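Working through the structure, step by step
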Amino acid sequence: ATVLNLAVGPRSPMKVGMWNDVVCSKKTGIPIMSKVEWLNSDDPTRMLEFYSHCFDERKLRLFGIACVLRWGVPFQDKRATEVVQKAELLAEGQLNETERRIAEAVSINLYREASHISVMFLPILVARKFDLRKAISSAAQYTEQTIIGSLEFDERLRNRRSEQAELLRKIVGNPFRQPHVDPSWRTDDVKGLALAAYDNRSTTSFPMLHDALLEAGCDNEEILNYCRTEREVIRGHWILDLLLDRK
């Protein structure tokens, strides 16, 4: 068994709309995934298979970075830390081509040194074009290598898949329906806190955002409840992107 062992082929035309409860292939009419399945799935392979049809490169790259930060690179090596930081800038369009090439060269050297299996991710994260197939293959290899031989292999594999699915939901949110944000809620305080959350990844960011949104007049219970209960801050988090009006 592998995690994220997805064969990525040509994108099939889909009926995708914020109002749909089920997304079907336009070509075959076969349902790909329903809203209920997306919100409850613990199968990241199937989720990526569905969302790769409409996933933008920024979100894909940030999902890869989030996986590396949670399970991957041992950051005793300063070079690895710097490559991941450059990858984040690249995802946000803040890295020029010269800087990207330098980061890519460093990542390739780290890969050749092979000090840790997770460094196979690094060249993918700073490549000019994000390669979903390579990223998924590397994720699968890393996941198996880190838990293989464990007496609880099957259970740990299921747990890791479930964690990856939840991480994907944190970045994508609900692709079937995202809550409406009134522009008046994007006050300087709200935008400042959301932007600071990107930089600091503070566990207090969401409760502070909750209070700032209330002061701004936000009455959307879905957004308020999420900010009240969420604690993990990651780049590309759907609610931060929503508040900052990032696509």
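First, a word on scope: everything that follows refers to the structure included in this document. All figures in this text were calculated on a predicted structure; none of them were measured in a lab.

Quick look at the nonpolar core
- Ranked by internal contacts, the top residues of the largest apolar core, which has 22 residues, are L209, L213, I223 and L240.
- Elements represented by at least two residues in this core include exactly α9 (188-200), α10 (205-215), α11 (221-229) and α12 (238-244).
- The element best represented in this core is α12, accounting for six residues.
- Beyond its immediate chain neighbours, meaning those up to four positions away, L209 contacts V190, L193, A194, C227, L240 and L243.

Observations regarding the packing of α10 against α11
- Two elements in contact, α10 and α11, have axes whose closest approach is 6 Å; the angle formed by their N-to-C orientations is 150 degrees. Here α10 and α11 pass one another in a crossing that is left-handed. Residues F206, P207, L209, H210, L213 and L214 of α10 form the contact with α11, whose participating residues are I223, L224, C227 and R228.
- For the contact of α10 with α11, the residue count by class is eight nonpolar, one polar and one charged.

Digging into the packing of aromatic side chains
- Applying the stated criterion to the full structure yields two aromatic pairs.
- Where F206 meets Y226, the ring centres are 6.5 Å apart and the plane angle is 75 degrees; that geometry is what we call edge-to-face. Taken together, the positions of F206 in helix α10 and Y226 in helix α11 put the pair 20 residues apart, joining distant regions of the chain.
- On the accessibility criterion, F206 (0% relative accessible area) is buried.
- For R246, the ring lying beneath its charged end belongs to Y198, and the centroid distance is 4.7 Å.

Regarding the environment of S162
- Note that S162 resides in helix α8 (residues 153-172).
- Judged by relative accessible area, which is 32%, S162 ranks as partly exposed.

Procedures and definitions
Residues numbered from 1 in each chain as written. Predicted model: local features only at pLDDT ≥ 70, side-chain atom pairs only at ≥ 80, totals over all residues. Heavy atoms only, no water. Core = buried A, V, L, I, M, F, W, Y, C linked by side-chain atoms within 4.5 Å. Buried < 20%, exposed > 50% of the residue type's maximum accessible area, 1.4 Å probe, protein only. Helix = DSSP H or I, 4+ residues; strand = E, 2+ residues; numbered from the N terminus. Contact = heavy atoms within 4.5 Å. Axes fitted to C-alpha atoms, helices over the stretch in contact; angles between N-to-C directions. Left-handed = near helix turned anticlockwise from the far one by under 90°. Nonpolar A, V, L, I, M, F, W, Y, C, P; charged D, E, K, R; others polar. Phe/Tyr/Trp six-rings, centres within 6.5 Å; stacked < 30°, edge-to-face > 60°. Lys NZ or Arg CZ within 6 Å of the ring centre and 35° of its normal.

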